[in-house]
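# Remarks on the overall topology
What follows is each chain in one-letter form.
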Amino acid sequence: MAEIKLRDITKKFGPNTALRGVDLTIEDGEFFVLLGQTGAGKTTTLRVIAGLERPDAGQVIIDGQDATAWNAAERDVALVLQQYSLYPRLTVRGNLEFPLKSRTQNFTADQIAERVSRVAETLQITPLLDRKVERLSGGEMQRVSIGRAIVREPRVFLMDEPLSALDANLRDVLRVELKKLHHDLGATFVFVTHDQVEAMSMGDKIGVLNKGKLVQVGTPDEIYTRPLNTFVARSVGTPPMNLIDGTITGNSAVLNAGGHALPLDNSIAAEGQPVRFGIRPEDVVIEANAPAKGRVFDVENHGVLKILAIDMDGALVHATVSAQMDVGIDDPIAFGWKPEKVLCFDPGTGHNLGLDRVQQEVV
């Protein structure tokens, strides 16, 4: 187990800057998720922690020691990749034993057998121990890949999108198993993903990366309910947060699209101020006498609920409603929102104006 600190990490590949002054603390025993799209810098961050990439500037600190110059073996981390990285000619048992037989290890045959047996039982792959890897399914191979990392008992587990190649049902199963594994081991996990569902369901903390910069770090609830800016707001939630331009007039948000006036907490922003209003689809309210009008542009049936796309004078607003609601495409519809759930963002910078007010009130 280990605490990891990145201090002002910058990493360049030729003319391209992959990481820009990243400052990050991952607590001992934490399940930390790095969330971002392709090219955001997630894998580079993981490789810097692993010692596979040397930063151009900054420090990597592991358990209070400057590990920047340490190689991967000295850092005692285990890396689990999307591509499994197993030896196809070996059995499952052979793959699990392999990292324990390196020259840097001094395990007896009995110790190796005990570790392999314990890991196989934990991951429910005991019946597969004598099967060749080439005869395994994708989910079984990923379990073996994770097992090969666990059997070493490293200080840190680094996982680079390990579930992305699996089908949706298997991803759901392994998400639960990885969380249970983390709980049982009590180890530090750093998990990289572009999937916001994985990030929200698995992480104790989430770090949102964008173009090499760490935009925000927080619990899933903090990232979801108090995003620092519109980028973070749109990075989590399905569908993502609605962003609608307008202005503050009295206790109302006057929307540019259609000129509709919706109730607003008047403590959020100043009178007459141009604002980009943010509202989650589940906080959009469908009511017959609601102030905003539109037409149903699309209906997605998700079984227990429906997601409506409402055309409001050319602006689309998404609303999550009960699956029992009888609604169809082109139906006229009236809607409002929960005023206490509205966030206000600066239209130019995308910054969450409400966070400034909270900080001022704390001071």
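Report on the accompanying structure. (Residues numbered from 1 in each chain as written. Predicted model: local features only at pLDDT ≥ 70, side-chain atom pairs only at ≥ 80, totals over all residues. Heavy atoms only, no water.)

Now for helix α6 (residues 168–185). Between its first and last C-alpha, α6 extends 26 Å over 18 residues, near the 26 Å set by a 1.5 Å rise per residue. Within α6, burial applies to L174, R175, L178, L181 and H182. Take α6 and look down its axis: the buried residues cluster within an arc of 135 degrees, on one side only. Of the exposed residues in α6, the ones pointing more than 90 degrees away from its buried face are N169, V176, K180 and H183. Tucked inside the fold, the buried residues of α6 contact β3 (31–35), α4 (109–122), α5 (138–150), β7 (156–160), β8 (188–193) and α7 (196–202). (Helix = DSSP H or I, 4+ residues; strand = E, 2+ residues; numbered from the N terminus. Expected span 1.5 Å × (residues − 1). Buried < 20%, exposed > 50% of the residue type's maximum accessible area, 1.4 Å probe, protein only. Arc of directions from axis to C-beta. Contact = heavy atoms within 4.5 Å.)

This next bit is on the pairing of strand β18 (residues 315–322). Relative to β18, strand β17 (residues 305–312) is paired through eight bridges, and the arrangement is antiparallel. Along β18, the bridge assignment pairs I307 with T320. In sequence, β17 turns back onto β18 through a hairpin of two residues, with D313 there showing a positive phi of about 50 degrees. (Pairing = 2+ DSSP bridges.)

The next thing to look at is the sheet that holds strand β19 (residues 332–337). Taking strand neighbours across the sheet as the criterion, the five strands line up as β15-β19-β16-β17-β18 in an open arrangement whose pairing is antiparallel. Sheet topology places β15 (284–286) and β18 at the edges, where each strand pairs with a single neighbour. Strand-to-strand twist in this sheet, taken as the mean axis angle between neighbours without regard to direction, amounts to 45 degrees. By the bridge criterion, six bridges tie strand β16 (residues 292–301) to β17 in an arrangement that is antiparallel. Of the residues in β17, the one forming a bridge with V296 is I310. (Axes fitted to C-alpha atoms, helices over the stretch in contact; angles between N-to-C directions.)

With that settled, the discussion passes to empty space enclosed by the protein. Per the stated rule, a full pass over the model turns up one cavity of 30 Å³ or more. Considering the residues around the largest cavity, the lining is formed by L123, R143, I146, L174, E177, L178 and L181. For the lining of the largest cavity, the secondary-structure elements that each account for two or more residues are α5 and α6. Considering every element that reaches the lining of the largest cavity, the biggest residue donor is α6, with four residues. Of the residues assigned to the lining of the largest cavity, the class counts are five nonpolar, no polar and two charged. (1 Å grid on protein atoms, 1.4 Å probe; cavity = no way out; pocket = protein on both sides within 12 Å on 5 of 7 lines; lining within 4 Å. Points joined across faces, edges and corners; volume = space filled by probe spheres on them. Nonpolar A, V, L, I, M, F, W, Y, C, P; charged D, E, K, R; others polar.)

Let's shift gears to the packing of α5 against α6. Two elements in contact, α5 and α6, have axes separated by 11 Å at closest approach and are oriented at 15 degrees. Taken together, the axes of α5 and α6 lie roughly parallel to each other. The way α5 lies across α6 gives a crossing that is right-handed. Contacts between α5 and α6 involve G139, Q142, R143, I146 and I150 from the former and L170, V173, L174, E177, L178, L181 and L185 from the latter. In the contact of α5 with α6, the residues fall into eight nonpolar, two polar and two charged. (Parallel < 35°, antiparallel > 145°, perpendicular 65-115°, else oblique. Left-handed = near helix turned anticlockwise from the far one by under 90°.)

This model, assessed by the stated rule, comprises five aromatic pairs. Between F31 and F191, the aromatic rings sit 5.9 Å apart at their centres with planes inclined by 40 degrees, giving tilted as the arrangement. Residue F31 is located in strand β3, and its partner F191 is located in strand β8; the two are separated by 160 residues in the primary sequence. Of the two residues examined, F31 and F191, each falls in the buried class. Considering the side-chain rings of F277 and W337, the 6.0 Å spacing of their centres and the 55 degrees angle between planes classify their relative orientation as tilted. With F277 in strand β14 (residues 274–279) and W337 in strand β19, this residue pair connects regions lying 60 residues apart in the sequence. By the burial criterion, F277 is buried, and W337 matches it. Among the aromatic residues, ring-to-ring pairing joins F31, F157, F189 and F191 into one connected group. Lying across the ring of Y224, R280 places its NZ or CZ 4.0 Å from the centre. (Phe/Tyr/Trp six-rings, centres within 6.5 Å; stacked < 30°, edge-to-face > 60°. Lys NZ or Arg CZ within 6 Å of the ring centre and 35° of its normal.)

Here we take up the environment of I223. Within the secondary structure layout, I223 lies in helix α8 (residues 220–225). Here the alpha-carbon distance between I223 and K205, two residues 18 residues apart in the chain, equals 9.1 Å.

This paragraph deals with the pattern of salt bridges. Going through the model one piece at a time under the given rule, you end up with 17 salt bridges. When the shortest N-O distance is used, the salt bridge between R143 and E177 registers 2.8 Å. One end of the pair, R143, is in helix α5; the other, E177, is in helix α6, and 34 residues separate them in sequence. Salt-bridge contacts for D204 lead to K179; the nearest nitrogen and oxygen are separated by 3.5 Å. Of this pair, D204 sits in the loop between α7 and β9 (205–210) while K179 sits in helix α6, placing them 25 residues apart in sequence. According to the relative accessible area criterion, D204 is partly exposed, its value standing at 32%. We classify K179 as partly exposed; its relative accessible area is 24%. Residues joined by salt bridges that share partners form a network here, namely E114, R115, R118 and E153. (Salt bridge = Lys/Arg side-chain N within 4 Å of Asp/Glu carboxyl O.)

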